[in-house]
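Tertiary structure, described
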Amino acid sequence: MKRAALFLIAGPVGIAAYGLVRLWGRSDGVYGPGFDWQAAHLVALAGMVCFVPAVLALSRLLPPSRWRDGVVVLTFVGLAATMVQFGADVVEGLLAADRAEMSALAADFKDIPGVEVAVYDVVPQLFFLGLVVLAGMLAARRRLPWWSVPLLLGGIVLPVVTLDLLPIAGLCMLVALAPALPLLRRQGSVRQAGAGGPVDGARLGGRARR
């Protein structure tokens with residue numbers, strides 16, 4: 001779970017880094033295709049990948065239930081669609097010689113029946129919806145403070161206003177989820193101790209011997 005805590009940090013950081021690289025790429029007025037475009041989207045894709053173990057780790061802070069598992073599945077469906085979206089952007093950037101050709105390739109991809117809904121407009125939003133619901137469930141169990149939910153929602157909404165706010169959005173998501181980090185580390189220590197033999201009662205606040 002210590003590794004899970006790192007993934008929980010890396011996911012939002014990937015979103016913030018995507019926003020920063022994007023701003024840097026747009027600073028000269030020419031953004032994509034090229035190194036700046038590929039770097040931004042690869043960083044974003046890496047951030048989405050990190051959310052997979054992060055979401056699993058957060059869900060394990062809740063008792064097993066169909067609701068919990070359903071929210072995780074919903075979140076993963078949205079994550080998968082988001083990854084496909086960023087992956088398509090990377091491929092289009094590699095194949096295109098200029099911005100116009102890249103836009104044409106993107107339009108051709110979106111013209112495939114179902115792609116616009118599944119990869120761009122609707123399904124990717126399930127990731128953010130699932131993440132907010134998961135945070136709400138954690139807040140209800142006092143695994144997260146109450147303010148994590150509105151802060152996380154604010155971070156998700158900011159890029160809707162303008163993608164230039166992506167760095168702030170990633171930071172908001174990180175701060176919102178950060179209170180779960182000690183719980184993940186503690187849970188990791190408990191599992192590690194349980195797998196390795198007798199638990200050190202002092203290390204876990206004396207609870208192991210009760």
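Below, the structure is looked at part by part. (Residues numbered from 1 in each chain as written. Predicted model: local features only at pLDDT ≥ 70, side-chain atom pairs only at ≥ 80, totals over all residues. Heavy atoms only, no water.)

1. Quick look at the pattern of salt bridges
Pairing is possible between side chains of opposite charge, provided their charged atoms come close. This is how it is decided: Within this document, salt bridges are pairs made up of a side-chain nitrogen of Lys or Arg and a carboxyl oxygen of Asp or Glu, the two lying within 4 Å of each other. Comment: elements are numbered from the N terminus, with helices defined as DSSP H or I runs of at least four residues and strands as E runs of at least two. Here the term buried applies to any residue with accessible area under 20% of the maximum for its type, exposed to any over 50%, and partly exposed to those in between, with areas from a 1.4 Å probe on protein chains only.
Enumeration according to the criterion identifies two salt bridges in this entry. Residue Arg22 pairs with Asp164 through a salt bridge whose shortest N-O separation is 2.9 Å. One end of the pair, Arg22, is in helix α1 (residues 2-26); the other, Asp164, is in the loop between α7 (148-161) and α8 (166-177), and 142 residues separate them in sequence. Note on Asp164: relative accessible area 35%, which makes it partly exposed. Note that Asp69 is salt-bridged to Arg68, the shortest N-O span being 3.3 Å.

2. Some details on unusual backbone geometry
The step from Gly32 to Pro33 runs through a cis peptide bond, and the omega angle for that step is -15°. Here Pro33 lies in the loop between α1 and α2 (35-59). You will see that Arg142, though not glycine, has its phi angle at about 60°, which is positive. With respect to the secondary-structure elements, Arg142 resides in the loop between α6 (125-140) and α7. On the basis of relative accessible area, Arg142 is assigned to the exposed category, the value being 77%.

3. A short note on the packing of aromatic side chains
Put simply, the rule reads: Pairing of aromatic side chains requires ring centres within 6.5 Å, counting the rings of Phe and Tyr and the six-membered ring of Trp. Pairs whose planes differ by under 30 degrees are stacked, by over 60 edge-to-face, and all others tilted.
A complete count under the given rule lists six aromatic pairs for this structure. Centre to centre, the rings of Phe51 and Phe127 are 5.1 Å apart; their planes meet at 65°, and the pair counts as edge-to-face. With a gap of 76 residues between them, Phe51 in helix α2 and Phe127 in helix α6 connect regions that are remote in the sequence. With relative accessibility at 1%, the residue Phe51 sits in the buried group. Residue classification places Phe127 among the buried residues on the basis of a relative accessible area of 0%.

4. Quick notes on the side chain of Ser59
Operational definition: A contact between two residues is defined here by any heavy atoms of the two lying within 4.5 Å.
When you line up the elements, Ser59 lands in helix α2. Beyond its immediate sequence surroundings of up to four residues, Ser59 is in contact with Arg68, Val72 and Leu134.

5. Details of α8
Our working definition: Take the number of residues in a helix, subtract one, and multiply by 1.5 Å to get its expected span.
Its 12 residues place the ends of α8 17 Å apart at the C-alpha level, agreeing with the 16 Å of an ideal helix rising 1.5 Å per residue. Buried within α8 we find Leu166, Pro167, Ala169, Gly170, Cys172, Met173, Ala176 and Leu177.

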